[in-house]
Amino acid sequence: MFKGVALSVLASVTFGVLYFYSQLLHVFDNQQTFGWRIISTLPFLTLFMFYSGDWAHVKTIYHRIVAKPTLLLILIITSALTCFQLWLFLWGPMNGRGLQVSLGYFLLPLFLVLLGRVFYKEKLSKLQMLAVLCAVFGVGHEIWRLGSIAWETMAVAVGYSLYFLIRKQIKTDNLGGFWWDLLICMPVAIYLVQMGDAPFAMLIEHGYLWLVVAGLGLLSAIGLGSYILASRYLPLVLFGLLSYLEPVLLALASLVLGEKISQDEWLTYIPIWCAVGILVIEGSLHLYKQKRNTQNLKRNVENIEQRLE
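Since this is a predicted model, take the numbers as computed values, not measurements.

A. Summary view of the environment of Gly177. Along the polypeptide, Gly177 turns up in helix 8 (residues 175-193). In contact with Gly177, other than residues within four places in its own chain, are Ile61, Arg167 and Thr172.

B. Spotlight on the nonpolar core. Core analysis: the largest hydrophobic core is formed by 60 residues, its most contacted members being Phe34, Ile38, Leu45, Phe89 and Trp179. Looking at this core element by element, the count peaks at 11 residues for helix 4 (residues 70-94). Phe34 has contacts with Cys83, Leu86, Trp87, Cys185 and Leu192, leaving out every residue within four places of it along the chain. Phe106, Leu107, Leu110 and Ile261 belong to the second largest nonpolar core, which has 19 residues in total.

C. Structural detail: the packing of aromatic side chains. Enumeration according to the criterion identifies 13 aromatic pairs in this entry. On the numbers, 6.0 Å between centres and 55° between planes, the contact of Tyr105 with Tyr160 is tilted. Placement of Tyr105 in helix 5 (residues 98-119) and of Tyr160 in helix 7 (residues 151-170) is noted, with a sequence separation of 55 residues between them. Accessibility expressed as a relative area gives 13% for Tyr160, which makes it buried. Taking the centre distance of 5.7 Å and the plane angle of 45° together, the rings of Tyr163 and Phe164 count as tilted. Judged by relative accessible area, which is 32%, Phe164 ranks as partly exposed. The structure contains a cluster of three or more aromatic residues connected by ring pairs, namely Phe15, Phe89, Tyr105, Tyr160, Tyr163 and Phe164.

Each value, and the rule that gives it
- Residues numbered from 1 in each chain as written.
- Predicted model: local features only at pLDDT ≥ 70, side-chain atom pairs only at ≥ 80, totals over all residues.
- Heavy atoms only, no water.
- Helix = DSSP H or I, 4+ residues; strand = E, 2+ residues; numbered from the N terminus.
- Contact = heavy atoms within 4.5 Å.
- Core = buried A, V, L, I, M, F, W, Y, C linked by side-chain atoms within 4.5 Å.
- Buried < 20%, exposed > 50% of the residue type's maximum accessible area, 1.4 Å probe, protein only.
- Phe/Tyr/Trp six-rings, centres within 6.5 Å; stacked < 30°, edge-to-face > 60°.

Below, the structure is given as structure tokens:
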């Protein structure tokens, strides 16, 4: 379990570092930054998958596409959804909108809870209902304050929820499915990189940019790969709780980079943070009960063995 916790923390810290790392990319525009991220991530991700044994998923999906070509059309949709999120992740801090993006990651678990209730008829506990109400209050306040909620926030919460839902339905919810999403997007990434004035001449003139681009791909591959591997080694509840570390670090990174929460925005952020806190408490209680039940079961087995002796 320690290995899983370490991988999950590594993933969250890596994503937080990427928020700071985006400041090194201002020589590129938003579209070029996105293009370089896709191009540089895929080779490192491929190496990571060979090391972790996930390359088998790529082959499995390929055989499914050959057997049923319509699957490729759905993969194009998931590719568009995930690539938009990768673009938004770096666009936010580069344009002073990192807090709005991080708020979307805070809301994402709550949206997934609601999706589970609507599409899979999963029942909500009392604490989950309270968390949803807190989040609704925060979102409602933002709508009342501005007449709407930041599009970046809703793009993350709704867009990622839809992405996860589709991948679950077509059974590509693994690192192999994400690899195909990046591959499909590669022609668009190459096109975007060539936009602007002499982008490749810029790389030749400033040799350090090759290292910056390579670092972008390496950090992206480490973060995504560690995140997927952590899901293997950890119980689902603990994995979900640790995933909350990422939006916390993203929000802190945004504040360090100079963004501020205005006085009239606190009633938006505090209820949503409270909602996350409630889910963390519920998950912690679940883990405690699970551990206690395991200990009781182990104790009962030992008692039975002693009696048999």
